[in-house]
Amino acid sequence: MRNMIKLEAQPDEIYDIELEHSLLEANEKLARQNRALLDEHGTTAIDFMGAIGSGKTTLITKLVEKLKDLCGLAVFNGDATTSEDADQIEKLGVPVVQIATINGCHLDANLVGKGLRKIDISKAKFIFIENIGNLICPAEFPLGSKARVVVVSVTEGPWMVRKHPHMFLGAQIVVINKIDLADAMGVSVEALINDVHTLKPDITVIPTSCKTGEGTDRIAETLLAI
Amino acid sequence: MHELSIASGLVEKLLEFFAHNPERTILEVRLEIGELSHIDSEQLRFCYESIAKETPLEGSILTIARVPAIVSCQHCTYRGRPDYWDEALASAPVMTMRCPHCGKAVEADQGHDCAIKSVRLLETHTAPSV
C-alpha cells in the first residue's frame, strides 16, 4: 500500500498555486550570454543612453575618431526608424550595425546578441552601443555591456536629472554635454553634477562639449581604463 | 512603454501554463514588482488586459504588489531601506543610491525584479464518475 496521499481539486474549486517566474530574467539571461561572449574575446561593450538630441551620436563619433587608430572598434546604432546615425558613423570606416527597433522603445539583449553575430568580435576592443533616445525604458533592459553611460545635455533644462532619476541609478558614467550652451540656457552645470551625485555618489560625471571637443579626451581615457 | 514587452512575456508564460492545464481557468495573477524596477503598474495592467483579450486569460485579474528596495553599504555595513531625496520633486520621493548613514554609495540587494508569484485557478474539469 502506498503512503502517498493525493489530493485533487474538485470541479468548481478555487485554489492558488505558486508560480515563481521572473519576467525580466529572459532578457537578463541573454545579457549574461552577451557578456560572456564579449569577455571571451576581450571585448568591452559600452551602452550609451539618453534623450533624443542629447548628443549620443556626436559623442560616439568623437570617441571613434580618437580611438580608431589605437584599437579595434565597432558601433551598434539603435534607432526606431531611421539609419541617420549609422550612416554618420559608417563614414568613419568602422563596422556599424544598425538595429531598427521599429516600434520598440529600447534595445534589448536579444537584439544586441543578434548584432554580435554579425561582426567579427575578436577585431573589436570596444563596441559602442547607442541605445534608443529614451530616458526610462532602456534602464530596465541590460544588454551585456561592461558600463552604461547616460548622456544628458544642458539644453534639456535644469531639472533633467531629478525628472529622470531611474536612468542614473544603474549607470557608471554620466556625460553632461553641450556645456558651451550652459550660459545661454541659464543652466548651472555644477547643479546638474550635484544632482547626479546626490542620486549616486560613486558615479563618474564628465562635463563636455562634443562641439568644441572639451571633455571628450577625459571620456576616452575613462573608457580605456575600464 | 516597455510595459508592453513585460506584459507580452507575462501573457506568453501564462498561456504556456494554460496549455498544460486546459481544465483550469485562471482567475487571478499575482505579480510582485520591485521598487527599483521602472515598471508602471497601471500601464502594465492596461497592456495585460489588452493582450489577454480573446485568449483564455480574458477576464482574469492582475494583482500587483510592490516589493520595497533593500540596499547595503560596503563602507559602513548599513543594510536596510534606501535614502530618499525628498526635496527633489514636489510629487514623489526619489530613491537614491546614497547610504542613509554615511552618505557613500550603496548596492541594491532587493527591489530589481518583476515576477509572477502565484495564480488563482478555478478547476473546471468534470470529476470521473466512480
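Residues numbered from 1 in each chain as written. Chains lettered and ligands numbered in written order. Predicted model: local features only at pLDDT ≥ 70, side-chain atom pairs only at ≥ 80, totals over all residues. Heavy atoms only, no water.

Draft legend 1. Spatial organisation of the overall build of chain B. The secondary structure content of chain B amounts to two helices and eight strands. Written out in order from the N terminus, the α and β elements of chain B read α-β-α-β-β-β-β-β-β-β. Over its C-alpha atoms chain B spans a radius of gyration of 20 Å, topping by over 25% the 14 Å that the globule rule assigns to 130 residues. Its C-alpha atoms put chain B at 70 × 35 × 20 Å along the principal axes. For chain B, the residues scored as buried account for 45% of the 130 residues in total. Contacts in chain B between residues far apart in sequence, at least 24 positions, make up 69% of those at least 6 positions apart. Summed over all atoms, the accessible surface of chain B reaches about 6,800 Å², with 52% contributed by carbon and sulfur. Looking at charge distribution, chain B has the averaged site of its 12 positive side-chain charges lying 5 Å from that of its 19 negative ones. (Helix = DSSP H or I, 4+ residues; strand = E, 2+ residues; numbered from the N terminus. Rg over C-alpha atoms; globule rule 2.2 N^0.38 Å. Buried < 20%, exposed > 50% of the residue type's maximum accessible area, 1.4 Å probe, protein only. Contact = heavy atoms within 4.5 Å. Areas by Shrake-Rupley, 256 points an atom, 1.4 Å probe, with all protein chains shown as cover. Lys, Arg positive; Asp, Glu negative; His and termini not counted. Charge placed at Lys NZ, Arg CZ, Asp CG, Glu CD.)

Draft legend 2. How the structure looks around the packing of helix H1 (residues 3–20) of chain B against helix H2 (residues 41–52) of chain B. Residue and element names in this part refer to chain B. Interaxial distance between H1 and H2 falls to 9 Å at its minimum, and their mutual angle equals 50°. The angle between the axes of H1 and H2 places the two elements in the oblique class. Between H1 and H2 lies a crossing of right-handed hand. Contact residues: Glu3, Leu4, Ile6, Ala7, Ser8, Leu10, Val11 and Leu14 in H1; Gln43, Leu44, Cys47, Tyr48 and Ile51 in H2. The class makeup of the residues in the contact of H1 with H2 is ten nonpolar, two polar and one charged. (Axes fitted to C-alpha atoms, helices over the stretch in contact; angles between N-to-C directions. Parallel < 35°, antiparallel > 145°, perpendicular 65-115°, else oblique. Left-handed = near helix turned anticlockwise from the far one by under 90°. Nonpolar A, V, L, I, M, F, W, Y, C, P; charged D, E, K, R; others polar.)

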